[in-house]
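This is what each chain is made of:
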Amino acid sequence: MITAVVYSESGGTFKTTTTANLAVALERMDLDVCVIDLDPQEGNLTSLFDVGEFRSDPDADNIVKHILEMPDGPFEDIIETSEEGVDVVPSHDMLGDFTSNLEQKIDYETGMKNMSREEFPRYELLYDLLWDKEQLHERYDAILIDPNARAEDLLYNAIYAMRTLVAPVKPAGKGNLSLGGLEELVTNMEQHLDIEVGLSCVVPSGVGQTNAHQQYTKQFENNEYYPTPVSIPNRESLMDTMWEARGSAFKVLEERWKTFEQDGEMVSEPGQRGVRDRELETARDLYSLAAFIATETFDIDVDTELVLEIDGYGEERFDVGDTEREVTA
Ligand SMILES: Nc1ncnc2c1ncn2[C@@H]1O[C@H](COP(=O)(O)OP(=O)(O)O)[C@@H](O)[C@H]1O
Ligand SMILES: [Mg+2]
């Protein structure tokens with residue numbers, strides 16, 4: 001089974017975009033995929049996939065209530081299926097107060113059980129929920145988590161439950177720092193919780209044509225410690241349009257979504273986007289990233305042929321079976 005947290009330290013490193021595209025790529029490889037959105041902020045995966053209608057309703061059942069063992073109903077009922085077939089456990093505003101809610105639970109339970117606060121397994125709650133209680137390994141081939149980078153308890157719960165990281169990084173000075181932070185986080189986590197955390201791969205993303213970007217990206221690609229199976233170039237137009245199409249880059253390309261100005265207003269419509277080789281190559285790279293994670297990290301055989309059925313244009317096929325690094329710019 002594939003289990004991964006898509007994480008790197010700073011915000012805006014394309015975590016949500018990467019998670020969404022990976023999830024859809026794995027789903028297109030015929031795997032049953034579930035994504036758990038632990039980020040309560042705007043512009044999260046829940047809004048990208050157009051789910052989570054009740055995310056602001058405090059009375060609605062949600063992932064926090066399940067993690068804290070106070071669900072209103074079955075876990076099944078909070079799972080929604082996106083248009084592209086990926087199951088999503090949507091975000092909820094309660095995620096923003098996770099730590100204070102957790103502290104209350106710890107107060108209560110340590111009081112009842114005559115246990116010290118330090119003994120309470122605060123990072124193991126998501127693990128217990130997903131694997132012991134809900135047995136999600138029987139239902140899914142892949143679970144990905146898009147975490148909230150700032151909330152330690154949630155992030156640690158995510159890493160404790162998944163054990164593997166996929167790290168998108170920006171090819172800037174900050175990107176290198178976040179790689180250092182990543183190593184530190186992995187080591188801390190391993191020591192702290194007595195588990196092994198694996199780094200599946202690092203994905204330089206948003207790589208521009210400038211010298212600095214190219215140099216930083218080379219540094220990532222030449223490192224001896226982590227695989228960098230693909231680098232994703234700067235594809236702002238394609239990726240930003242995902243938010244209008246409410247789906248993956250594959251959907252944007254197949255349905256040809258485009259954002260443009262009309263009578264002084266920005267509109268987004270399907271059937272409008274030109275078919276560009278460089279964008280098709282990015283779809284291929286995203287697919288090849290998913291294939292790398294499935295085969296190289298988790299030893300799962302997948303169909304590596306990407307077939308894009310592009311509206312009014314025809315079919316494009318790419319075989320990404322050879323997961324050798326390919327870089328497009
Ligand atoms: N490869 C890319 N090149 C340029 N812009 C991108 C790329 N991938 C994503 N983006 C854009 O960057 C912004 C932030 O991405 P997002 O995935 O939400 O980051 P995070 O989840 O890490 O905060 C979004 O507007 C997204 O469309
Ligand atoms: Mg995000």
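Model, not experiment: these values are computed from the prediction.

Caption draft 1: Summary view of the site of ligand 1. Around ligand 1, the surrounding shell holds 16 residues, and the nearest of these are Lys15, Thr16, Thr17, Gly206 and Met239. Secondary-structure elements contributing two or more residues to the shell around ligand 1 are α1 (15–28), β7 (198–207) and α9 (236–245). Taken together, the residues of the shell around ligand 1 sort by class into three nonpolar, nine polar and four charged. Counting the residues that make up the shell around ligand 1, at least three belong to each of domain 1 (2–235 + 278–301) and domain 2 (236–277 + 302–329).

Caption draft 2: Representation of the nonpolar core in the model. The biggest cluster of nonpolar side chains holds 87 residues, and the ones touching the most others in it are Leu26, Ala158 and Ala290. No other element matches helix α11 (residues 277–297), which puts nine residues into this core. Two domains each put at least three residues into this core: domain 1 (2–235 + 278–301) and domain 2 (236–277 + 302–329). Excluding its chain neighbours within four sequence positions, the residues that come into contact with alanine 158 are Val5, Leu38, Leu126, Ile145 and Pro147.

Caption draft 3: Fine view of α11. For α11, spanning 21 residues, the distance from its first C-alpha to its last is 29 Å, which sits close to the expected 30 Å at 1.5 Å a residue. At the exit of α11 stands aspartate 299, carrying a positive phi of roughly 60 degrees.

Caption draft 4: View of the domain arrangement of the chain. What the domain assignment lists for the chain is domain 1 (2–235 + 278–301) and domain 2 (236–277 + 302–329). Here the C-alpha centre of domain 2 lies 24 Å away from the C-alpha centre of domain 1. Listed as interface residues are 40 residues of domain 1 and, on the opposing side, 29 residues of domain 2. Elements represented by at least two residues in the side of domain 1 that touches domain 2 include exactly α1, β8 (230–233) and α11. Per-element tally for the side of domain 1 that touches domain 2: the top contributor is α11, with 16 residues. Considered class by class, the residues forming the side of domain 1 that touches domain 2 number 17 nonpolar, nine polar and 14 charged.

Caption draft 5: Examining the environment of serine 8 more closely. Inspection of the secondary structure puts serine 8 in the loop between β1 (2–6) and α1. When the 26 C-beta atoms within 10 Å are taken as the criterion, serine 8 is described as buried. As for serine 8 and isoleucine 79, which are separated by 71 residues in sequence, their C-alpha atoms are 26 Å apart.

Caption draft 6: Inspection of the environment of threonine 282 at higher detail. Position of threonine 282 among the secondary structure elements: in helix α11. The spatial distance from the C-alpha of threonine 282 to the C-alpha of alanine 249 is 8.8 Å, given a sequence separation of 33 residues.

Caption draft 7: The arrangement of the pairing of strand β5 (residues 142–146) in detail. Buried residues dominate β5, accounting for five of its five residues. Of the two faces of β5, the one carrying Ala142, Leu144 and Asp146 and the one carrying Ile143 and Ile145 are both buried. Both strand β2 (residues 33–37) and β5 contribute to a ladder of five bridges, which runs parallel. What sits directly across from valine 33, in β5, is alanine 142.

Reading the values: the criteria
Residues numbered from 1 in each chain as written. Chains lettered and ligands numbered in written order. Predicted model: local features only at pLDDT ≥ 70, side-chain atom pairs only at ≥ 80, totals over all residues. Near = placed C-beta within 6 Å. Helix = DSSP H or I, 4+ residues; strand = E, 2+ residues; numbered from the N terminus. Nonpolar A, V, L, I, M, F, W, Y, C, P; charged D, E, K, R; others polar. Domains from an automatic or database assignment. Core = buried A, V, L, I, M, F, W, Y, C linked by C-beta atoms within 7 Å. Buried ≥ 20, exposed ≤ 12 C-beta atoms within 10 Å, placed from the backbone. Contact = placed C-beta atoms within 7 Å. Expected span 1.5 Å × (residues − 1). Pairing = 2+ DSSP bridges.

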